[in-house]
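Chain and residue survey
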Amino acid sequence: MKAVFLDFDSLDQDDLDFSQLTAAFDDWVTYPTTTAEQVAERIQDAEVVISNKVLLNAEVLKQNPQLKLILISATGTNNVDLVQAKAQGIVVCNCQAYGTSAVAQHTLMLMLALSTSVLRYDQAVKQGQWNQSSQFCLLDFPIVELAGKTLGIIGYGTLGQAVAKLAEAFGMRVKIGALPNRPQQSDRVAFQDLVGQVDYLSLHCPLTEETRDLIDADILNAMKPTAFLINCARGGIVNEQALVDALKQGKIAGAATDVLTVEPPKQGNVLLDALNNDEIQNLIITPHSAWGSVDARQRIVNQMLENVEAYLKGTPIRQVN
């Protein structure tokens, strides 16, 4: 059985153990990256295809009737035509909950970095401002304690719950928000009410038509001017121009995001432009790296092995089609 991994470099940095996974196949082929034009040729004699983000559309699947199994080395399934795969009898399996600890810790790291102005203090020290200080310390930038503050969470699945647990360890009060137009649950606060109550708003919901531009100018205006926004979910949930405007106008105290609407931002991005032009000082951007701990990436490899073994036994797990 031949397996082809189309975008190997999206997962491995020469720091993972693939020995058991590769041993499951008679033939194992990896490509660092694969363009849309290269897909059909590269998988033409493979029974198993592994893809993180490379598109496997209906046309490509129809051209490859020999395919039996598609392994998605991530959770999102939008890169595979699941309807066509099912029609051809191709089993599609993804990986799940592998990055919960990594993303939760990254979320808290961003909250702490915003609250302590740590990046601004680091820059000040590197620029020699401490050396020139008339006092023993620098207190040029605001420092806020998490203890006693209120964290609002949108998206209370496994990840949202992990963030809540860490936040509570810091002495924070946690409120769970309901998405707009959803039936009200007793343990949820209506979204419009929540945003004006919290000191920190953290996003952990999927990007859907319902959540696209969920955080827009109206919502940012409704937040406290001392509040912080954290997005470790998907870029499209936040209207980026509205966020730039809100930060420039002091509508909120700061924001941090691990995601942008288009990744990588090869054509630029309004948030990056504002940051690079020193138009705003209270924004932190990380390059969709929250999930990428060695531990989390190894869990993906391990889960793909489990998916292969279960498929070979005739009892697929984590099947999404």
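Residues numbered from 1 in each chain as written. Predicted model: local features only at pLDDT ≥ 70, side-chain atom pairs only at ≥ 80, totals over all residues. Heavy atoms only, no water.

**Here's the deal with the overall build of the protein**
- A count of helices and strands for the protein gives twelve helices and twelve strands.
- Expressed as a percentage of its 321 residues, the buried residues of the protein come to 46%.
- Considering only contacts within the protein whose residues lie at least 6 apart along the sequence, 64% involve residues at least 24 apart.
- Split by element, the accessible area of the protein, about 15,800 Å² in all, is 49% carbon and sulfur.
- Taking the average place of the 24 positive charges on the side chains of the protein and the average place of its 36 negative ones, the gap between the two points comes to 5 Å. (Helix = DSSP H or I, 4+ residues; strand = E, 2+ residues; numbered from the N terminus. Buried < 20%, exposed > 50% of the residue type's maximum accessible area, 1.4 Å probe, protein only. Contact = heavy atoms within 4.5 Å. Areas by Shrake-Rupley, 256 points an atom, 1.4 Å probe, with all protein chains shown as cover. Lys, Arg positive; Asp, Glu negative; His and termini not counted. Charge placed at Lys NZ, Arg CZ, Asp CG, Glu CD.)

**Some details on the domain arrangement of the protein**
- Domain parsing of the protein yields domain 1 (2–98 + 294–313) and domain 2 (100–285).
- Distance from the C-alpha centre of domain 1 to the C-alpha centre of domain 2: 34 Å. (Domains from an automatic or database assignment.)

**A short note on the pattern of salt bridges**
- Going through the model one piece at a time under the given rule, you end up with eight salt bridges.
- As a salt-bridge pair, K224 and D199 come within 3.1 Å of each other at their nearest N and O atoms. Taken together, the residues span a long stretch of sequence, with K224 in the loop between α9 (217–222) and β10 (228–231) and D199 in the loop between α8 (191–194) and β9 (200–203) at a distance of 25 residues.
- By relative accessible area, K224 is classed as partly exposed at 27%. (Salt bridge = Lys/Arg side-chain N within 4 Å of Asp/Glu carboxyl O.)

**Considering the pairing of strand β4 (residues 69–72)**
- Neither face of β4 is left uncovered, since the one carrying L69 and L71 and the one carrying I70 and I72 both have all their residues buried.
- As defined by bridge partners, strand β3 (residues 48–51) adjoins β4 across four bridges and the pair is classed as parallel. Across the sheet, the residue bridging to V48 is L69, located in β4.
- Two strands pair when backbone bridges link them, and β4 and strand β5 (residues 91–93) are joined in this way by three bridges, in the parallel orientation. Within β5, the position partnered with I70 by the bridge is V92.
- Following the backbone out of β4, through helix α4 (residues 82–87) and into the adjacent parallel β5, one traces a crossover that is right-handed. (Pairing = 2+ DSSP bridges. Right-handed = clockwise from strand over helix to strand, strands pointing away.)

**A closer look at the environment of I50**
- Mapping I50 onto the fold places it in strand β3.
- With 182 residues separating them in the primary sequence, I50 and C232 have C-alpha atoms 25 Å apart.
- Residues contacting I50, with those up to four places away along its chain left out, are V4, F5, L6, D7, W28, L71, S73 and M304.

**Side note on the sheet that holds β4**
- Ordered in space as β2-β1-β3-β4-β5, the five strands form an open sheet in which the pairing is parallel. Strands at the two margins of the open sheet, each flanked by one partner only, are β2 (27–30) and β5. Neighbour-to-neighbour, the strand axes of this sheet turn through a mean angle of 15 degrees, independent of strand direction.
- Packing against the sheet, helix α12 (residues 294–312) makes contact with β1 (2–5), β3, β4 and β5, and its axis sits at approximately 160 degrees to β4. (Axes fitted to C-alpha atoms, helices over the stretch in contact; angles between N-to-C directions.)

**Quick look at the packing of aromatic side chains**
- Scanning the model with the defined rule gives eight aromatic pairs in all.
- Pairing F5 with W28 gives two aromatic rings, centres 6.4 Å apart and planes at 85 degrees, and the pair type is edge-to-face. Residue F5 is located in strand β1, and its partner W28 is located in strand β2; the two are separated by 23 residues in the primary sequence.
- We classify F5 as buried; its relative accessible area is 0%.
- When the ring of Y121 is compared with that of F141, the centres are 5.1 Å apart and the planes differ by 75 degrees; the resulting orientation is edge-to-face. (Phe/Tyr/Trp six-rings, centres within 6.5 Å; stacked < 30°, edge-to-face > 60°.)

**So, the UniProt feature "domain: D-isomer specific 2-hydroxyacid dehydrogenase catalytic" (unreviewed entry) in the protein**
- The residues that UniProt annotates with the feature "domain: D-isomer specific 2-hydroxyacid dehydrogenase catalytic" (unreviewed entry) are residues 10–320.
- Along residues 10–320, the helical share is 33% and the strand share 14%, with 21 Å between the first and last C-alpha atoms. (UniProt positions renumbered as here; feature names shortened; annotations may be inferred.)

**Description of helix α5 (residues 100–116)**
- Between its first and last C-alpha atoms α5 spans 24 Å; for 17 residues at 1.5 Å apiece the expected length is 24 Å, and the two agree.
- Taking burial as the measure, the 17 residues of α5 include twelve buried ones, the bulk of the element.
- Listing the buried residues of α5 in full gives T100, A102, V103, A104, H106, T107, L108, L110, M111, A113, L114 and S115.
- Of the residues trailing α5, S117 is marked for its positive phi of about 55 degrees. (Expected span 1.5 Å × (residues − 1).)

**Thoughts on the side chain of R42**
- Counting through the fold element by element, R42 comes out in helix α2 (residues 39–42).
- Within the buried core, R42 has no salt-bridge partner, and the shortest N-O distance to an opposite charge, that of E41, equals 6.5 Å.
- Filtering out sequence-adjacent residues up to four positions away, R42 remains in contact with V4, L6, Y31, T33 and T34.

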